[in-house]
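# Structural overview
Chain by chain, the residues:
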Amino acid sequence: MENEIVKTISAIYDAAYDETPDSWVIVCEKIDGLLDAENGGVTVLDTVQKEISVVGSRMDPELLAQYVEHYQYRNPIQDRIAGLRSGGRFNRAEAIADEDFEKLEITNEFFSKGRIFHFEYRVIAAPDDLHAAIQFSRPRGRGNFAKKDLELMDLLMPHLGRAFGIHFNFLKAKQERSILAEVLDRMPRGVFVVNEARKVLYSNTSGNSILTDGDGIYINRRGGISVRNNSDHKRFKAALAGVFTSPGINSGWAATIRLNRGTGKRPLELLLAKCTKGDCDQFGTGEKAIIFVSDPESKRVSVADVLCRLYGLTRSEARIAGMIADGMSMADISDELCIAESTVKTHLKRIFSKTDTRRQSELAKLVLLGPASLRFDGERKV
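Presented here is an overview of the structure given in this document. Note that the structure is a prediction, hence the values are computed from the model and not measured.

## What about the sheet that holds strand β3 (residues 89–91)?
Within a sheet, each strand pairs with its neighbour through backbone hydrogen bonds, oriented either parallel or antiparallel. Strands sit in the order β2-β1-β5-β4-β3 across an open sheet of five strands; the sheet is antiparallel. Strand pairing shows two members of the sheet lacking a second neighbour, β2 (51–57) and β3, which therefore form its edges. Across the sheet, the mean angle separating the axes of adjacent strands is 25° when strand polarity is ignored. Judged from the seven bridges that link them, strand β4 (residues 118–125) and strand β5 (residues 130–138) form a sheet pairing that is antiparallel. If you follow H118 over to β5, its bridge partner there is R138.

## Some points on empty space enclosed by the protein
Left-over empty space is what a probe sized like a water molecule reveals as it rolls over the atoms. In this structure the tally under the stated criterion is two cavities of 30 Å³ or more. Its volume calculated, the largest cavity comes out at about 360 Å³. Around the largest cavity sit 23 residues that line it, and M59, Y67, F110, F111 and Q135 are the ones nearest its centre. Put simply, the parts of the chain that give the lining of the largest cavity at least two residues each are β1 (38–46), β2, α3 (61–69), α4 (76–81), α7 (105–111), β4 and β5. Top element by residues in the lining of the largest cavity is β1. It accounts for four residues. Its residues placed into classes, the lining of the largest cavity shows 14 nonpolar, nine polar and no charged. Reported here for the second largest cavity is a volume of approximately 40 Å³. I31, R122, I134, F136, M153, L156, M157 and L160 are the residues that line the second largest cavity. Broken down by secondary-structure element, the contributors of at least two residues to the lining of the second largest cavity are β5 and α8 (147–185). Looking at which element gives the most residues to the lining of the second largest cavity, the answer is α8, with four residues.

## Some remarks on helix α2 (residues 22–35)
For α2, built from 14 residues, the straight-helix expectation of 20 Å at 1.5 Å per residue is met to within 8% by its first-to-last C-alpha distance of 20 Å. Within α2, burial applies to S23, W24, V27, C28, I31, D32, L34 and L35. Phi turns positive, to about 55°, at D36, one or two residues after α2.

## Section: helix α14 (residues 341–355)
The terminal C-alpha atoms of α14 lie 21 Å apart, and with 15 residues this matches the ideal 21 Å at 1.5 Å per residue to within 8%. Within α14, burial applies to V344, H347, L348, I351, F352 and T355. Buried residues along α14 cover an arc of 145° about the axis, so they all sit on one side. Across from the buried face of α14, at angles greater than 90 degrees, the exposed residues are S342, K349 and S353. Looking one or two residues past α14, D356 carries a phi angle of roughly 60°, positive in sign.

## Looking at the sheet that holds strand β11 (residues 268–274)
Overall, antiparallel pairing links the five strands, which are arranged β7-β6-β12-β11-β10 in an open sheet. This sheet does not close on itself; its edge strands, each paired only once, are β7 (200–203) and β10 (255–259). Pairs of neighbouring strands in the sheet enclose a mean axial angle of 25°, with direction left out of account. Bridge count between β10 and β11: five bridges; the pairing is antiparallel. Within the sheet, the bridge partner assigned to I257 lies in β11 and is L270. Docked against the sheet, helix α9 (residues 205–213) engages β6 (190–194), β7, β11 and β12 (289–294), running at close to 85° with respect to β6.

## Quick look at unusual backbone geometry
Glycine aside, negative phi is the norm for most residues, and most peptide bonds take the trans geometry. Non-glycine residue K50 carries a positive phi angle of around 60°. In this fold, K50 is placed in the loop between β1 and β2. Positive phi values are uncommon outside glycine, yet C338 reaches one of about 60°. Here C338 falls in the exposed class, since its relative accessible area comes to 69%.

Basis of the calculations
- Residues numbered from 1 in each chain as written.
- Predicted model: local features only at pLDDT ≥ 70, side-chain atom pairs only at ≥ 80, totals over all residues.
- Heavy atoms only, no water.
- Pairing = 2+ DSSP bridges.
- Helix = DSSP H or I, 4+ residues; strand = E, 2+ residues; numbered from the N terminus.
- Axes fitted to C-alpha atoms, helices over the stretch in contact; angles between N-to-C directions.
- 1 Å grid on protein atoms, 1.4 Å probe; cavity = no way out; pocket = protein on both sides within 12 Å on 5 of 7 lines; lining within 4 Å.
- Points joined across faces, edges and corners; volume = space filled by probe spheres on them.
- Nonpolar A, V, L, I, M, F, W, Y, C, P; charged D, E, K, R; others polar.
- Expected span 1.5 Å × (residues − 1).
- Buried < 20%, exposed > 50% of the residue type's maximum accessible area, 1.4 Å probe, protein only.
- Arc of directions from axis to C-beta.
- Contact = heavy atoms within 4.5 Å.

Keep in mind these values describe shape, not function.
Right, dumping it as structure tokens:
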């Protein structure tokens, strides 16, 4: 028995860093075995919305799905357990007499189908407005959990609480990184995090496009950033080395550099800075640098929807506003749209009125610094 308890505690801590439900199912399986129980499961209850989500469970998947989608909203017991805090417990037989439990609608509709008559519910952690819990059940003929079973649960509870606290923070950090990555992917310029060997540790969507294009900068066979123009490559290496030897945040942006391209397009514009927020452990040890890359040749595919919603522009006006932001002249716009230059001027006057701008430079700044400059599902390509 002691050996099985040790194995169970080991499995509990193994589950802490596993983002899949499999490890928690293993934990429930082991505790089910120790308690002669069934349907072990770990859930998270939103105590405000009174909604349960499942972390891992040994219950029949079809029946479990029915509970999550339907029966939980008709279960009066769920309202009672929502008031529990960390360490709290609910035992069905202690709270509701057998005959009263059998009369509940949820008993016939759900619990009986799952062979659930006696059950114990334990809150193992309560972060914010949530509480994580573990629960076990037995069919009627097997009897309620005895004192020795409850003592075993008491023994495991501190381990479950610590492990789930780690698990919760692990998933929260992963979610925050995912959100941050999505924010960076909306940016119209490339963002790289590199180490001193110039190896790319992170790149946003625009950065990936620039590197895949390989026009000016690319990833070499060793996984580092290289510049196609030899003289520019030397300047880039020197600039990056200067970033890593700079004193850090008080020195401001350490370097800027323009990299020529063999295709004849305007140079890429780079801004390099040391990573000063700790040592960026998620990207490994050692110094890191951030590189921002702007491509003057990047073209906006469509900003019409954003400009129309923001300023009430027509589709034609929004298209012209985007062309102005791309640096096109009145004559260029006239040729592109096959309309008279006087018509472009008429549209522009209306655009100025609706956007509260007075000249083309103000309009371009408004577009380039506003929401229309962000990426939205392929609206912009680099």
